[in-house]
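Given next are the chains, with one letter for each unit.
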Amino acid sequence: MEELLQQVTNGLAVGGVYALVALGYTMVYGVLRLINFAHGELFTLGAYLGFTFLASSLAGGRLGAAGGLVVLALLVAGLVGLSGVLLERAAYRPLREAPRLSAVVSALGASIFLQNALMLVYGARFQVYPEDALPSGSVALGAARVPAMRVAVALVSLGLMAALWLFVNRTRTGTAIRAVALDRDAARLCGIDVDGVVRTVFLVGPALGGVAGLMVGLTYGQVGFTMGWSYGMKAFTAAILGGIGNVPGAMLGGLLLGLAESLGSAYVSSAWKDAIAFVVLVVVLLVRPTGILGERVAEKA
């Protein structure tokens, strides 16, 4: 029972990270019908920015406190969100009316560019977070003791997902996002600023991914310039698993994928961790090709 609680907590923490990154994929797809392959690199940028702030004299050791970590998360989210807006302006907006293949090629090129830019700036070696800045301690869950950072990651991820759901479903901006996702031309005729909606999507999605990257860095203590590829692929898998273009689906898919990985690694074999995740995906797609909650795509006459 103790081990089960630990694995479930680990699964929720990892799954929460997958879900936050998957939300960036699914929001962009819902609005533009585009897979932002550079999203994984924005996640990596968040991890590296966290390292930069923590290793600099600006941060020092003061960010070990909860309040300092909140400030750090806001800084990272803001900078990565701004990077997402700039990415959309440079790589995607000029090709918005072009064939979809052109946008896909641009997304792949942006991914390669950002990955190599991070390597040139920070080096090819893993960067290690300062030990005095890493949260420590554990939390008692029944008879089990779980690292406090894992519990914090799970709770923060769930809180951010709930906040995004409220934003999309309970605000005017969220209503505009849903309208553009349903029919971009009709939304424009109704007076909705489509470009503004797209900017918002590219601000919010990367911001969540940046916070996820920061949490991964704080949890494992080191980051590498290629980490966006593995986490990005897992998050993309989670988005498909839940239903691409479906915000609740991305949340559910990420959590299920994290739990499947954690439990499979503990009770089957850690060597099969990645394979188990993709087997779950294949089974779901065979039974329900549009994902668990269904793909959100507008039907046009």
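The rules behind these values
Residues numbered from 1 in each chain as written. Predicted model: local features only at pLDDT ≥ 70, side-chain atom pairs only at ≥ 80, totals over all residues. Heavy atoms only, no water. Helix = DSSP H or I, 4+ residues; strand = E, 2+ residues; numbered from the N terminus. Rg over C-alpha atoms; globule rule 2.2 N^0.38 Å. Buried < 20%, exposed > 50% of the residue type's maximum accessible area, 1.4 Å probe, protein only. Phe/Tyr/Trp six-rings, centres within 6.5 Å; stacked < 30°, edge-to-face > 60°. Core = buried A, V, L, I, M, F, W, Y, C linked by side-chain atoms within 4.5 Å. Axes fitted to C-alpha atoms, helices over the stretch in contact; angles between N-to-C directions. Parallel < 35°, antiparallel > 145°, perpendicular 65-115°, else oblique. Left-handed = near helix turned anticlockwise from the far one by under 90°. Contact = heavy atoms within 4.5 Å. Nonpolar A, V, L, I, M, F, W, Y, C, P; charged D, E, K, R; others polar. Salt bridge = Lys/Arg side-chain N within 4 Å of Asp/Glu carboxyl O. Patch = residues over 30% accessible without salt bridge, like charges linked within 9 Å, V, L, I, M, F, W, Y side chains within 5 Å. Areas by Shrake-Rupley, 256 points an atom, 1.4 Å probe, with all protein chains shown as cover. Arc of directions from axis to C-beta.

Here's the deal with the overall build of the protein chain
1) Next: On a plain count of helices and strands, the protein chain comes out with 11 helices and four strands.
2) Next: Here the C-alpha radius of gyration of the protein chain, 19 Å, is about what a compact globule of 301 residues would show, namely 19 Å.
3) Next: The C-alpha extent of the protein chain, read off along each of the three principal axes, is 55 × 50 × 35 Å.
4) Next: Residues classed as buried in the protein chain amount to 50% of the 301 residues present.

What to know about the packing of aromatic side chains
1) Next: As enumerated under the stated definition, the model contains eight aromatic pairs in all.
2) Next: Seen in terms of ring centroids, Tyr 18 and Tyr 231 are 6.0 Å apart; in terms of plane orientation they differ by 55°. Their pairing is tilted. Of this pair, Tyr 18 sits in helix α1 (residues 2–32) while Tyr 231 sits in helix α9 (residues 227–242), and the two are 213 residues apart along the sequence.
3) Next: Residue Tyr 18 is classed as buried on the basis of its relative accessible area, which comes to 4%.

A few points about the nonpolar core
1) Next: Judged by nonpolar contacts, the single largest core of 80 residues is most densely connected at Leu 23, Phe 43, Tyr 92, Tyr 129 and Leu 164.
2) Next: For this core, the element with the highest residue contribution is α1, accounting for 15 residues.

Notes on the packing of helix α10 (residues 247–267) against helix α11 (residues 273–287)
A pair of packed helices can be characterised by two numbers: the angle between their axes and the separation between those axes.
1) Next: Taken N-terminus to C-terminus, the directions of α10 and α11 make an angle of 135°; their axes are 8 Å apart at the nearest point. The angle between the axes of α10 and α11 places the two elements in the oblique class. Classified by chirality, the crossing of α11 by α10 is right-handed. Seen from α10, the contacting residues are Leu 257, Ala 260, Glu 261, Gly 264 and Ser 265; seen from α11, they are Lys 273, Asp 274, Ile 276, Ala 277 and Val 280.
2) Next: When its residues are assigned to classes, the contact of α10 with α11 shows five nonpolar, two polar and three charged.

Re the pattern of salt bridges
1) Next: All told, the structure shown has six salt bridges when counted by the stated rule.
2) Next: In this structure, the salt-bridge partner of Glu 88 is Arg 96, at a minimum N-O distance of 2.7 Å. Across the pair, Arg 96 and Glu 88 agree in class, each one buried.
3) Next: The shortest N-O distance in the salt bridge between Lys 234 and Glu 261 comes to 2.6 Å. Of this pair, Lys 234 sits in helix α9 while Glu 261 sits in helix α10, and the two are 27 residues apart along the sequence.
4) Next: Judged by relative accessible area, which is 4%, Glu 261 ranks as buried.
5) Next: Several salt bridges share partner residues, and in doing so they unite Glu 88, Arg 93, Arg 96 and Asp 195 into one network.

Looking at a nonpolar patch on the surface
1) Next: A surface patch of nonpolar side chains, amounting to about 510 Å² of accessible area, comprises Val 279, Val 282, Val 283, Leu 286 and Val 287.
2) Next: Positionally, Val 282 belongs in helix α11.
3) Next: Residue class for Val 282 comes out partly exposed when judged on its relative accessible area of 47%.

With respect to unusual backbone geometry
1) Next: In the Ramachandran plot, Arg 33 falls in the positive-phi region, its phi being about 55° despite a non-glycine side chain.
2) Next: With respect to the helices and strands, the residue Arg 33 is situated in the loop between α1 and α2 (39–55).

Observations concerning helix α6 (residues 172–182)
In an α-helix, one turn spans 3.6 residues, which is why side chains three or four residues apart end up on the same side.
1) Next: Among the residues making up α6, those that are buried are Gly 174, Ala 176, Ile 177 and Val 180. Across the axial projection of α6, the buried residues extend over an arc of 155°, all falling on one side. Residues of α6 that are exposed and point over 90 degrees away from its buried face: Arg 172 and Leu 182.
2) Next: Residues of α6 that are buried make contact with α1, α5 (148–170), α7 (184–189) and α8 (194–220).

Quick notes on the environment of Gly 15
1) Next: If you trace the backbone, Gly 15 turns up in helix α1.
2) Next: Measuring from C-alpha to C-alpha, the distance between Gly 15 and Ala 181 comes to 26 Å, with 166 residues separating the pair along the chain.
3) Next: Setting aside its immediate chain neighbours within four residues, Gly 15 contacts Gly 254, Leu 255 and Gly 258.

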